[in-house]
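Descriptive structure summary
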Amino acid sequence: MKILHTSDLHIGKKLMGRERYDEFRAVFDGLKAICVQERVELVLIAGDVFDTYTPSAEAEEIFYSGLKLLSEICAVLVISGNHDDYVRLTAAAALAEELNAYIIGNNLSPVSCAKRGAVYPVKSGCGWVIFQNAAGERVYINALPYPNEARFKEGRTDETFNEKIERWIASGEEGKTEKMPSVFLSHIFVAGGSVSDSEREIDLGGARAVPLKLLPDCDYIALGHLHKRQILGTNAHYPGAPMQFSFDESGSEKSVNVFDLTCDGVKNFKRVPVTVTKQLIRLQANSVADGVALLNANPERFVELTLNLREPLTPQESSALHECENLILLKAEFANARIDDENKVSNKNKTSSQLFTEYYALRYGDTAPDELLALFLSLTEHE
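Residues numbered from 1 in each chain as written. Predicted model: local features only at pLDDT ≥ 70, side-chain atom pairs only at ≥ 80, totals over all residues. Heavy atoms only, no water.

**Regarding the packing of helix H6 (residues 288–297) against helix H7 (residues 315–322)**
Two elements in contact, H6 and H7, have axes separated by 9 Å at closest approach and are oriented at 10°. When the axis of H6 is compared with that of H7, the two are roughly parallel. Along its contact with H6, which presents Val288, Gly291, Val292 and Leu295, the element H7 presents Glu317, Ala320 and Leu321. Grouping the amino acids of the contact of H6 with H7 by side-chain chemistry returns five nonpolar, one polar and one charged. (Axes fitted to C-alpha atoms, helices over the stretch in contact; angles between N-to-C directions. Helix = DSSP H or I, 4+ residues; strand = E, 2+ residues; numbered from the N terminus. Parallel < 35°, antiparallel > 145°, perpendicular 65-115°, else oblique. Contact = heavy atoms within 4.5 Å. Nonpolar A, V, L, I, M, F, W, Y, C, P; charged D, E, K, R; others polar.)

**Side note on helix H5 (residues 161–172)**
Look at H5: 17 Å from first C-alpha to last across twelve residues, which is about the 16 Å you get at 1.5 Å a residue. Contacts made by the buried residues of H5 are with strand E6 (128–132), strand E7 (138–144) and strand E8 (182–187). (Expected span 1.5 Å × (residues − 1).)

**Focus: the sheet that holds strand E15 (residues 301–309)**
Read across the open sheet, the three strands follow the order E14-E15-E16; overall the sheet is parallel. Two strands lie at the open edges of the sheet, namely strand E14 (279–285) and strand E16 (327–334), each paired on one side alone. Direction aside, the axes of adjacent strands within the sheet are offset by 15° on average. Across seven bridges, the pairing between E15 and E16 is parallel. Following the sheet pairing, Val303 is matched in E16 by Leu327. On the sheet, H7 packs against E15 and E16 and is oriented at approximately 140° with respect to E16. (Pairing = 2+ DSSP bridges.)

**Here's the deal with unusual backbone geometry**
With a phi angle near 55°, Asp8 is a residue other than glycine that sits in the positive phi range. Within the fold, Asp8 resides in the loop between strand E1 (2–6) and helix H1 (21–38). Among the residues examined, Asp8 registers a relative accessible area of 0% and is labelled buried. Despite not being glycine, Leu108 has its phi angle at roughly 55°, a positive value. (Buried < 20%, exposed > 50% of the residue type's maximum accessible area, 1.4 Å probe, protein only.)

**Describing the environment of Lys14**
Checked against the element boundaries, Lys14 lands in the loop between E1 and H1. Residue Lys14 is classed as partly exposed on the basis of its relative accessible area of 45%. Considering only alpha carbons, one finds Lys14 and Asp51, 37 residues apart in sequence, at a separation of 9.0 Å.

**Here we look at the pairing of E8**
Burial analysis of E8 places six of its six residues in the buried class, which makes it a mostly covered element. Both faces of E8 are covered, namely the face carrying Ser182, Phe184 and Ser186 and the face carrying Val183, Leu185 and His187. Across five bridges, E7 lies against E8 in parallel orientation. Each residue of the ladder has a partner; that of Tyr140, found in E8, is Ser182. Regarding topology, H5 serves as the crossover connection from E7 to the parallel E8, and that connection is right-handed. Pairing of E8 with strand E9 (residues 220–224), which is carried by five bridges, proceeds in the parallel orientation. Across the sheet, the residue bridging to Val183 is Tyr220, located in E9. (Right-handed = clockwise from strand over helix to strand, strands pointing away.)

**Some words on the sheet that holds strand E2 (residues 42–46)**
Pairing is mixed in the open sheet, where six strands are placed in the order E4-E3-E2-E1-E12-E13. At either end of the open sheet lies a strand with only one pairing partner, and these are strand E4 (101–104) and strand E13 (265–273). Direction aside, the axes of adjacent strands within the sheet are offset by 20° on average. Pairing geometry for E1 and strand E12 (residues 255–262), over four bridges, is antiparallel. Within the sheet, the bridge partner assigned to Ile3 lies in E12 and is Phe259. Where H1 meets the sheet, it contacts E1, E2, E12 and E13, and its direction lies at approximately 160° from that of E1. Along the sheet, helix H2 (residues 57–71) contacts E2, strand E3 (75–79) and E4; its crossing angle with E4, the most-contacted strand, is approximately 130°.

**Considerations on empty space enclosed by the protein**
Which parts of space are left empty comes out when a probe the size of a water molecule is rolled across the atoms. Applying the stated criterion across every chain yields a total of two cavities of 30 Å³ or more. Here the second largest cavity is characterised by a volume of approximately 30 Å³. Of all the secondary structure elements, the ones that give two or more residues to the lining of the second largest cavity are E7 and H5. Of the residues assigned to the lining of the second largest cavity, the class counts are five nonpolar, four polar and no charged. (1 Å grid on protein atoms, 1.4 Å probe; cavity = no way out; pocket = protein on both sides within 12 Å on 5 of 7 lines; lining within 4 Å. Points joined across faces, edges and corners; volume = space filled by probe spheres on them.)

**Things to note about the pairing of E2**
Of all the five residues making up E2, five are buried; the element is thus mostly covered by neighbouring parts of the structure. Alternating positions in E2 separate into two faces, Leu42, Leu44 and Ala46 on one and Val43 and Ile45 on the other, with burial throughout. Relative to E2, E1 runs parallel, the two being bridged by four bridges. Counterpart to Thr6 in the pairing with E2 is Ile45.

**Some details on the state of the cysteines**
By the definition in use, this model includes zero disulfides. Sulfur of Cys74: no disulfide; nearest cysteine sulfur belongs to Cys35 and is 4.0 Å away. (Disulfide = S-S within 2.5 Å.)

**Considerations on the pattern of salt bridges**
Tallying each qualifying case throughout the model produces 21 salt bridges. A salt bridge links Arg25 to Glu61; the nearest nitrogen and oxygen atoms lie 2.9 Å apart. One end of the pair, Arg25, is in helix H1; the other, Glu61, is in helix H2, with 36 residues separating them in the sequence. On the accessibility criterion, Arg25 (32% relative accessible area) is partly exposed. Accessibility expressed as a relative area gives 36% for Glu61, which makes it partly exposed. One connected set of salt bridges, linked through shared partners, spans Arg25, Glu58 and Glu61. (Salt bridge = Lys/Arg side-chain N within 4 Å of Asp/Glu carboxyl O.)

These values are about where atoms sit, not about what they do.
Have a look at this one:
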């Protein structure tokens, strides 16, 4: 079965206050083109469909229109991520199923099994579904949406987070009663993953990082949560977000994973570029005139411009730069800048856990307990 794996659409996410709705629409157009070109049979979207719990009406329209667009070509399976309100996301699940698109939230409800296209679900249970194509080939999907106790409506127990993860994963394996190609689809942070500036600090100081060894034995592990594409171990894949969301991704290619899943495992794996959205770039100039020239030379890109200056910008110079609509972020570096207090400590670029542990050590003269750090960081996490 030919499968496409993507994640972290973050529909509605702004870039320094700039709306990008046209680009989100273009992403679905691009995905459809790839599905046609590669003859994809099943699309897997590994969470974070929206950027917030309460997406705008336009963001929701983009998603459901995009879902319809993809389902005209192939079957689609979506799970909720930490940015998604899974109740809201699955509210239209019954209607989506009629289009051969399936949405699994943290209630882990079985999907409706019926022949609605060339590829369709033939059996489903709590957190798992089996898809079959026209050739009779079957694929088992263990689907685990973003997991935590609150989302699964579980009270406090003596279980560690790793023990909970093992239990939640095992529940999704219960339908695997016969040998067939299989996928683990989830929205989690696997220990060792590389994050980018567009993500929150999601590892909770390590307490919420899932060890690679806990992931199930399957042919392909389809992950979401991290925006940089990467492979952990031999078969745990983050395809990365299909759009660039922060300037530290400047120069990186965005793509989706496409592969054949057969009885002999993954075959013909490749990354197919997504080129329908604006690229983010970082530029430097030594004068305002040079900066304006660079901005005008890159009209189709969003730009973070750093100016190397000897004196502050005049209002006229600032206006000349901001007349360029592709300027998103302007930074100034001064050649004669100096730090008056050599002992001054900067908190720039420090993570939430670093700030908390440093504050705790300063306030109490001791190392912050792991449980307290995890509790603090959980307050910054979408529940």
